[in-house]
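As a plain string of letters, each chain reads:
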Protein chains: 4
Amino acid sequence: MSRWNNDYNHGAHPAVLEAFIKTNQESYGGYGLDEWCERAAEKIKTHLGSTDADIHFMVGGTQVNYTVIAAALRPYQGVISADSGHIHVHETGAVEHTGHKIHVVKGENGKLSAASVEAEAENYRTSGVKEHITQPKMVYISFPTEYGTLYSKKELEEISAVCRKYGLYLMIDGARMGYGLGAKVNDLKLSDLAALADVFYIGGTKCGAMMGEAVVITNNELKDNFRSYMKQNGGMLAKGWTLGLQFYTLFENDLYFEITGRADKYAMEIREAFEKKGIDFYIDSPTNQQFVLLSEEQMRKLEKKHIFEYQFPEGDRHCVRFCTSWSTKPEDVEELKADILAL
Amino acid sequence: MSRWNNDYNHGAHPAVLEAFIKTNQESYGGYGLDEWCERAAEKIKTHLGSTDADIHFMVGGTQVNYTVIAAALRPYQGVISADSGHIHVHETGAVEHTGHKIHVVKGENGKLSAASVEAEAENYRTSGVKEHITQPKMVYISFPTEYGTLYSKKELEEISAVCRKYGLYLMIDGARMGYGLGAKVNDLKLSDLAALADVFYIGGTKCGAMMGEAVVITNNELKDNFRSYMKQNGGMLAKGWTLGLQFYTLFENDLYFEITGRADKYAMEIREAFEKKGIDFYIDSPTNQQFVLLSEEQMRKLEKKHIFEYQFPEGDRHCVRFCTSWSTKPEDVEELKADILAL
Amino acid sequence: MSRWNNDYNHGAHPAVLEAFIKTNQESYGGYGLDEWCERAAEKIKTHLGSTDADIHFMVGGTQVNYTVIAAALRPYQGVISADSGHIHVHETGAVEHTGHKIHVVKGENGKLSAASVEAEAENYRTSGVKEHITQPKMVYISFPTEYGTLYSKKELEEISAVCRKYGLYLMIDGARMGYGLGAKVNDLKLSDLAALADVFYIGGTKCGAMMGEAVVITNNELKDNFRSYMKQNGGMLAKGWTLGLQFYTLFENDLYFEITGRADKYAMEIREAFEKKGIDFYIDSPTNQQFVLLSEEQMRKLEKKHIFEYQFPEGDRHCVRFCTSWSTKPEDVEELKADILAL
Amino acid sequence: MSRWNNDYNHGAHPAVLEAFIKTNQESYGGYGLDEWCERAAEKIKTHLGSTDADIHFMVGGTQVNYTVIAAALRPYQGVISADSGHIHVHETGAVEHTGHKIHVVKGENGKLSAASVEAEAENYRTSGVKEHITQPKMVYISFPTEYGTLYSKKELEEISAVCRKYGLYLMIDGARMGYGLGAKVNDLKLSDLAALADVFYIGGTKCGAMMGEAVVITNNELKDNFRSYMKQNGGMLAKGWTLGLQFYTLFENDLYFEITGRADKYAMEIREAFEKKGIDFYIDSPTNQQFVLLSEEQMRKLEKKHIFEYQFPEGDRHCVRFCTSWSTKPEDVEELKADILAL
């Protein structure tokens with residue numbers, strides 16, 4: 001059985017384990033104040049086109065999302081998210097738990113549009129009863145989205161422009177950042193994100209690390225005492241250097257981009273196989289997550305040899321998810337393709 | 001100019017003021033532990049068909065809503081509300097501020113249906129990732145709704161049955177309770193609400209009192225230490241007897257029902273006037289709030305002599321709200337009707 | 001039986017009731033946007049020596065305290081309070097409920113000293129692990145304190161100077177403000193408080209109003225969107241003008257100062273009676289609250305005709321509280337004095 | 001230079017790294033639903049004397065502390081802690097951030113006594129104004145304490161008895177659990193903790209793991225939906241098996257006890273060296289943390305070759321901390337001892 005159910009079912013890229021082994025005899029300062037965090041931050045900054053960002057390493061995505069949002073917002077302010085946004089649907093209300101409303105906007109293909117953001121902002125701006133409603137002050141988007149889709153550079157520029165016009169912070173959830181950057185159709189780079197967003201994170205957990213996310217804060221207003229928020233929200237790892245070390249390893253020779261780009265390529269091959277069989281997709285994704293519509297029979301056949309994730313029934317078919325990842329092996333891809341073509 | 005913009009623009013029913021004057025030389029115990037709160041609770045209980053409820057007097061509706069909700073829910077639980085629910089749209093995110101997600105459901109005429117509640121509950125019950133999502137544990141409805149519409153006894157019984165099936169608490173926001181109970185088409189009584197809901201409140205602020213809401217808790221699970229929640233949430237009035245006294249006065253000779261029923265009657269007369277002129281309604285309301293669709297010209301004419309509340313543009317017309325209340329004077333109703341008919 | 005147990009056991013000063021009656025036929029804008037709130041604010045400003053303050057009317061003290069504190073602090077910041085501070089001991093953890101730590105400092109006679117505040121601030125300033133501890137950012141004091149004691153102008157200037165040196169906000173809980181200002185030994189005026197504090201409130205509930213507190217914000221940083229915080233925290237009264245009207249009435253001809261000053265005078269007479277009998281005080285209070293140490297026998301005798309508040313046993317004596325207030329009648333004072341002298 | 005500054009400055013015990021390497025080709029279920037978490041829980045249960053506990057693996061101690069506390073308490077309830085308790089002094093107000101007050105009690109040698117806990121509980125039980133104060137509902141202690149001291153079995157039994165008498169939950173912070181259990185004077189076992197406490201955790205981060213804490217919940221009331229709290233509080237690791245795997249490895253052949261017991265032994269040797277030189281201790285600790293009072297000259301000499309942690313000045317001496325840990329090497333101990341004796 002090979003696992004395609006998600007992109008976090010394997011430990012860590014061998015280079016990461018190697019780094020653990022090499023440094024295990026050394027001792028380091030605690031809580032992220034160490035040379036590996038510094039070096040990793042330096043490496044990441046070479047991709048940002050600026051040395052002005054603050055970079056912090058945290059353990060997981062939910063933790064990053066609510067910590068960043070709670071640090072950025074005042075109690076009467078909220079965050080705009082697509083209805084498929086991870087903070088809205090899969091984080092056990094963590095954002096509301098910090099006291100903040102999510103302004104839920106119907107997304108298209110998992111994405112917000114500049115127009116929908118502007119509509120929310122205008123709604124507040126023109127309200128005659130501002131003190132009775134929450135103020136949207138941040139926009140949360142995912143790159144890639146929860147459906148694997150991508151914002152184009154143009155789309156992100158438009159959203160960013162609306163954010164600046166209305167004084168909204170733009171936050172990008174990059175849990176799968178590598179798979180977004182590595183997609184063939186993608187025209188965004190980390191330096192674009194740094195220029196267009198106020199804060200984003202580069203996912204490690206799903207992109208080669210054992211655990212860890214690199215939070216990049218470019219807006220000075222959001223930098224203030226961020227480490228206090230990390231500690232208060234349980235997101236400051238005692239042995240913080242283990243996070244820095246992983247990101248250093250992944251960014252040392254662009255390993256991060258290599259392994260996620262390869263996963264995207266595999267995903268496209270699998271997608272092609274489905275297309276050849278005339279099998280439809282729930283959504284058109286250019287990244288490592290593929291949402292496929294299978295008949296009952298097709299699903300039963302494939303699940304004999306492959307583990308994938310059930311999503312929901314869609315008419316008389318079933319929407320299921322196939323994920324590739326940095327750990328996907330070429331022979332498994334070949335086998336899956338063959339099994340698809342044999343459906 | 002006569003004010004129809006809302007139902008809280010006058011002080012208090014003369015009988016309430018009279019009660020203040022009569023008792024002003026007396027001294028009382030603080031924080032709601034006094035004879036007037038007791039006597040008011042007894043009066044209210046005669047309408048509940050049970051002496052088993054806990055009754056607390058608080059100052060305002062937003063305060064009641066978030067205090068009751070926060071007292072009832074554990075941190076990972078949320079409350080289901082219609083998209084027009086007051087807690088969702090007009091309380092500055094107070095519920096989220098207490099840490100809880102609102103499960104927003106598209107309402108019909110401002111109402112939830114049993115089916116829509118069941119769908120939310122089923123969604124959680126059947127979820128394979130329960131720990132990643134919030135658990136809907138309470139249902140919040142308003143009677144009358146924010147649009148002035150009413151649940152029928154049958155509808156409320158159905159919703160209550162779903163709540164009991166899934167272990168959800170049913171909470172009824174009764175900020176305008178009197179206007180609901182007094183409507184001609186209404187077939188619910190306070191005793192029905194006591195039997196079908198777990199907690200509800202009887203609005204005073206909009207129904208004859210200077211301020212105050214009577215919270216009725218019928219479910220024992222929700223009674224525990226409620227006064228601690230009141231104090232912690234700023235909802236325990238030092239001179240609590242002034243609230244009890246008002247409710248005692250309003251319920252002494254069914255004054256509450258008399259003055260709100262009369263307001264409903266006036267609203268129906270005004271409604272009839274609009275109907276006679278062929279003027280449409282945004283929604284079909286049998287209570288003291290009437291949402292009318294006026295042309296620009298009609299609006300301009302009426303606003304010369306009448307203050308009403310602008311809602312939003314609706315095509316080339318304008319949705320505006322006319323409210324009657326316990327303080328509405330018959331001569332003002334006559335004048336408004338005449339002005340409508342003269343449009 | 002006459003009640004000396006607290007200063008909130010009577011309704012409202014007759015002039016306040018009179019104002020309710022006079023305006024009861026009028027209609028007003030809601031939520032504190034009305035002419036009475038404006039006029040009351042103007043009246044109060046004449047005492048501040050500045051027209052630059054923001055003034056808001058809220059219903060009760062606990063509500064004011066946690067709303068102001070939560071509005072002022074970021075999540076990692078806390079508030080310094082004496083161990084006898086009301087927010088620490090009698091508000092059901094409302095401040096912590098908003099997410100903030102109270103930095104508790106041992107008080108002297110219920111008061112903080114500039115030195116103790118500076119020690120807390122220095123502790124943070126010199127900490128090498130700032131992100132592991134909360135930042136004290138506000139100082140909360142009560143005037144008069146919970147024990148009836150007062151800060152002198154010199155003491156307040158010193159505390160204010162430390163606050164400014166370390167960037168701490170100074171907040172003054174003035175639930176009994178009138179009794180502080182009216183004390184014979186007091187050398188502070190509202191204009192001093194306005195100059196030395198960043199935010200304070202003028203208590204109405206205990207000083208002649210039926211309910212209500214006037215929040216005075218002098219620091220621009222704390223003014224931003226305060227009405228949103230009020231609404232979110234259940235502190236925005238629908239019929240806000242009833243609060244403004246009360247404060248207007250109390251400040252119109254300095255009635256506020258007259259009635260609280262008189263209560264202080266009565267308290268001093270009662271105190272003198274105790275002194276004459278050689279009865280000790282738990283604390284030396286120049287205001288309307290007197291904390292007296294009675295023997296069992298003395299207590300039993302007095303409680304036959306007088307209601308006062310038991311505090312705690314103190315050796316073989318009992319500490320009890322006698323309060324005068326705006327509603328205290330001279331004949332009751334005479335009777336109490338006689339009963340004390342007859343002990 | 002050898003590091004004695006803390007017990008979390010090295011990566012992981014070699015056996016843990018070995019386990020990472022061995023399993024790195026495997027794929028596992030996410031979020032702690034995997035065979036390693038199961039097997040680790042089974043291993044731990046063999047020490048508990050009961051199979052009835054719920055065991056969850058989380059990443060760090062602060063996260064565990066506030067998540068457990070917030071899951072156990074209702075909003076008006078608080079937790080009792082010694083004034084040296086980690087939750088009070090070093091977690092950036094994380095507990096208050098979840099809305100709960102810490103009832104701070106002066107500790108003795110970093111410990112609470114049964115009497116001091118009972119005094120807090122009695123204070124609430126006998127209060128006449130319960131709704132104005134927070135209810136202590138949980139007791140938080142650390143084993144070993146932040147000063148390295150230990151509760152004896154008798155002391156813990158007494159505290160547990162008081163907790164049961166008053167319905168308080170007993171929580172034990174076991175960040176350094178191994179060093180407590182391994183101390184020569186210790187007479188407590190994990191099975192005692194399981195019997196006497198309602199919830200505790202077994203520290204991994206400081207005791208051989210790269211990261212991770214094992215939360216053991218024995219009280220059924222605290223088990224309910226704990227995974228929802230974990231997720232909401234950012235404490236559910238995507239690759240949860242990496243935590244289970246570490247604990248399995250550490251508990252497989254009692255490695256955990258071996259490596260922490262050895263660290264305690266080294267600490268006692270170092271302590272003896274200080275004693276031989278007549279150097280005093282700030283506190284008498286039988287575990288891996290030693291708080292030593294050095295003269296300026298002694299401190300300067302030792303810091304040439306050793307890294308230790310400065311605590312605070314104590315008269316004309318300096319309190320500093322020396323920690324041993326699972327990673328301490330015998331040759332470093334010998335060298336330190338020699339350097340101490342050469343002072």
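Worth saying up front: this structure is predicted, and the values here are computed from it rather than measured.

What should I look at first to understand the overall build of chain A in this one?
For chain A, the count of helices and strands is 14 helices and twelve strands. Computed over its C-alpha atoms, the radius of gyration of chain A comes to 20 Å, within 12% of the 20 Å expected for a compact globule of 343 residues. Summarising its shape, the C-alpha atoms of chain A cover approximately 60 × 60 × 35 Å along the three principal directions. Residue burial in chain A is summarised as follows: out of 343 residues, 66% are buried.

How should I be thinking about the relation of the copies chain D and chain C in this particular structure?
A rotation about some axis, followed by a shift along it, carries one copy of the chain onto the other. Least-squares fitting of chain D to chain C yields an RMSD of 0.0 Å, with the transformation described by 0.0 Å of translation along the axis and a rotation of 180 degrees. In the structure described here, the two chain copies are related by an operation that fits a two-fold rotation axis. By residue overlap, the copies meet face to face through one surface: 100% of the interface positions of chain D are interface positions in chain C.

It is not clear to me how the interface of chain D and chain C should be interpreted in this structure. Could you clarify?
How big an interface is tends to be reported as the loss of accessible area on association of its parts. At the interface, 20 residues of chain D touch 20 residues of chain C. Taken together, both faces of the contact between chain D and chain C bury some 1400 Å²; the carbon and sulfur share is 54%. When the area that chain D buries against chain C is broken down by residue, the three leading residues are Thr92, Glu96 and Lys101 of chain D, summing to 39%. Counting every contact that joins chain D to chain C gives two salt bridges. Of the charged contacts in the structure, one is a salt bridge between glutamate 96 of chain C and lysine 101 of chain D, with a shortest N-O distance of 2.6 Å. Listing elements by their share of the side of chain D that touches chain C, those giving two or more residues are helix H4 (86-89) and helix H5 (94-97) of chain D. Among the elements that line the side of chain D that touches chain C, the one with the most residues is H4 of chain D, at three residues. Split into classes, the residues belonging to the side of chain D that touches chain C amount to seven nonpolar, nine polar and four charged.

What am I meant to see in the relation of the copies chain A and chain D here?
Least-squares fitting of chain A to chain D yields an RMSD of 0.0 Å, with the superposition described by an axial translation of 0.0 Å and a rotation of 180 degrees. Of all interface residues in chain A, 100% are interface residues in chain D too; the two copies therefore contact each other through one and the same surface.

How should the state of the cysteines be read in this particular structure?
All chains considered together, the criterion is met by zero disulfides over all chains. Cysteine cysteine 323 of chain B shares no disulfide, and the gap to the nearest cysteine sulfur, in cysteine 207 of chain B, comes to 11 Å. Left unpaired, cysteine 319 of chain C is separated from the closest cysteine sulfur, that of cysteine 323 of chain C, by 11 Å.

What should I look at first to understand the UniProt feature "domain: Aromatic amino acid beta-eliminating lyase/threonine aldolase" (unreviewed entry) in chain A in this one?
Under the UniProt annotation, the feature "domain: Aromatic amino acid beta-eliminating lyase/threonine aldolase" (unreviewed entry) is placed at residues 18-292 of chain A. Between the end C-alpha atoms of residues 18-292 of chain A the distance is 36 Å, and the span holds 42% helix and 15% strand.

Which parts of the structure should I look at to understand the interface of chain A and chain D?
With 44 residues of chain A at the interface, the matching set in chain D holds 44 residues. Taken together, the connections running from chain A to chain D amount to zero salt bridges. Counting only elements with at least two residues in the side of chain A that touches chain D, the list comes to helix H1 (14-23), helix H3 (61-72), helix H5 (94-97), helix H10 (226-232) and helix H11 (241-252) of chain A. Per-element accounting of the side of chain A that touches chain D gives the leading share, four residues, to H1 of chain A.

Quick question: what am I supposed to make of unusual backbone geometry here?
Working note: non-glycine residues mostly have negative phi, and peptide bonds are mostly trans. At the junction of phenylalanine 143 of chain A and proline 144 of chain A, the peptide bond is cis and its omega measures out at -10 degrees in the coordinates. Residue placement: proline 144 of chain A occurs in the loop between strand E5 (135-142) and helix H7 (153-166). Its identity as a non-glycine residue notwithstanding, aspartate 254 of chain A has a phi of 60 degrees, on the positive side. Positionally, aspartate 254 of chain A belongs in the loop between H11 and helix H12 (255-276). Positive phi, normally seen in glycine, also occurs at asparagine 225 of chain B, with a value near 55 degrees. Residue position: asparagine 225 of chain B is located in the loop between strand E8 (213-217) and helix H10 (226-232).

Would you mind going over the sheet that holds strand E7 (residues 199-203) of chain D with me for this structure?
Residues and elements named next belong to chain D. Pairing is mixed across the open sheet formed by seven strands, whose spatial order is E2-E8-E7-E6-E5-E3-E4. The open sheet has two edge strands with one neighbour each: strand E2 (54-58) and strand E4 (102-105). Adjacent strand axes in the sheet meet at a mean angle of 25 degrees, parallel and antiparallel pairs treated alike. Where strand E3 (residues 77-82) lies against strand E5 (residues 135-142), five bridges are found, and the strand directions are parallel. Bridge assignment links serine 81 to a residue of E5, and that residue is tyrosine 140. Strands E3, E4 and E5 of the sheet are contacted by helix H6 (residues 114-125), whose axis makes an angle of about 170 degrees with E5. Along the sheet, helix H11 (residues 241-252) makes contact with E2, E7 and strand E8 (213-217), crossing E2 at roughly 115 degrees.

Sorry if this is basic, but what is going on with empty space enclosed by the protein here?
Taking a probe equal in size to a water molecule and rolling it over the atoms shows the remaining empty space. What the rule picks out here adds up to eleven cavities of 30 Å³ or more. Lining the largest cavity are 41 residues; nearest its centre among them are His97 of chain A, His97 of chain B, His97 of chain C together with His97 and Thr98 of chain D. Among the elements of the structure, H3 of chain A, helix H3 (61-72) of chain B, helix H3 (61-72) of chain C together with helix H3 (61-72) of chain D are those that each provide at least two residues to the lining of the largest cavity. Residue composition of the lining of the largest cavity, grouped by class: 16 nonpolar, 21 polar and four charged. The space that makes up the second largest cavity amounts to roughly 400 Å³. Gly60, Gly61, Thr62, His86 and Lys206 of chain B are, among the 30 residues lining the second largest cavity, the residues nearest its centre. Per element, the largest residue contribution to the lining of the second largest cavity is four residues, and it comes from H3 of chain B. A class-by-class count of the residues in the lining of the second largest cavity yields ten nonpolar, 13 polar and seven charged.

What counts, and at which threshold
Residues numbered from 1 in each chain as written. Chains lettered and ligands numbered in written order. Predicted model: local features only at pLDDT ≥ 70, side-chain atom pairs only at ≥ 80, totals over all residues. Heavy atoms only, no water. Helix = DSSP H or I, 4+ residues; strand = E, 2+ residues; numbered from the N terminus. Rg over C-alpha atoms; globule rule 2.2 N^0.38 Å. Buried < 20%, exposed > 50% of the residue type's maximum accessible area, 1.4 Å probe, protein only. Least-squares fit on C-alpha atoms with pLDDT ≥ 70 in both. Contact = heavy atoms within 4.5 Å. Buried area = accessible area lost by both parts, 1.4 Å probe. Salt bridge = Lys/Arg side-chain N within 4 Å of Asp/Glu carboxyl O. Nonpolar A, V, L, I, M, F, W, Y, C, P; charged D, E, K, R; others polar. Disulfide = S-S within 2.5 Å. UniProt positions renumbered as here; feature names shortened; annotations may be inferred. Pairing = 2+ DSSP bridges. Axes fitted to C-alpha atoms, helices over the stretch in contact; angles between N-to-C directions. 1 Å grid on protein atoms, 1.4 Å probe; cavity = no way out; pocket = protein on both sides within 12 Å on 5 of 7 lines; lining within 4 Å. Points joined across faces, edges and corners; volume = space filled by probe spheres on them.

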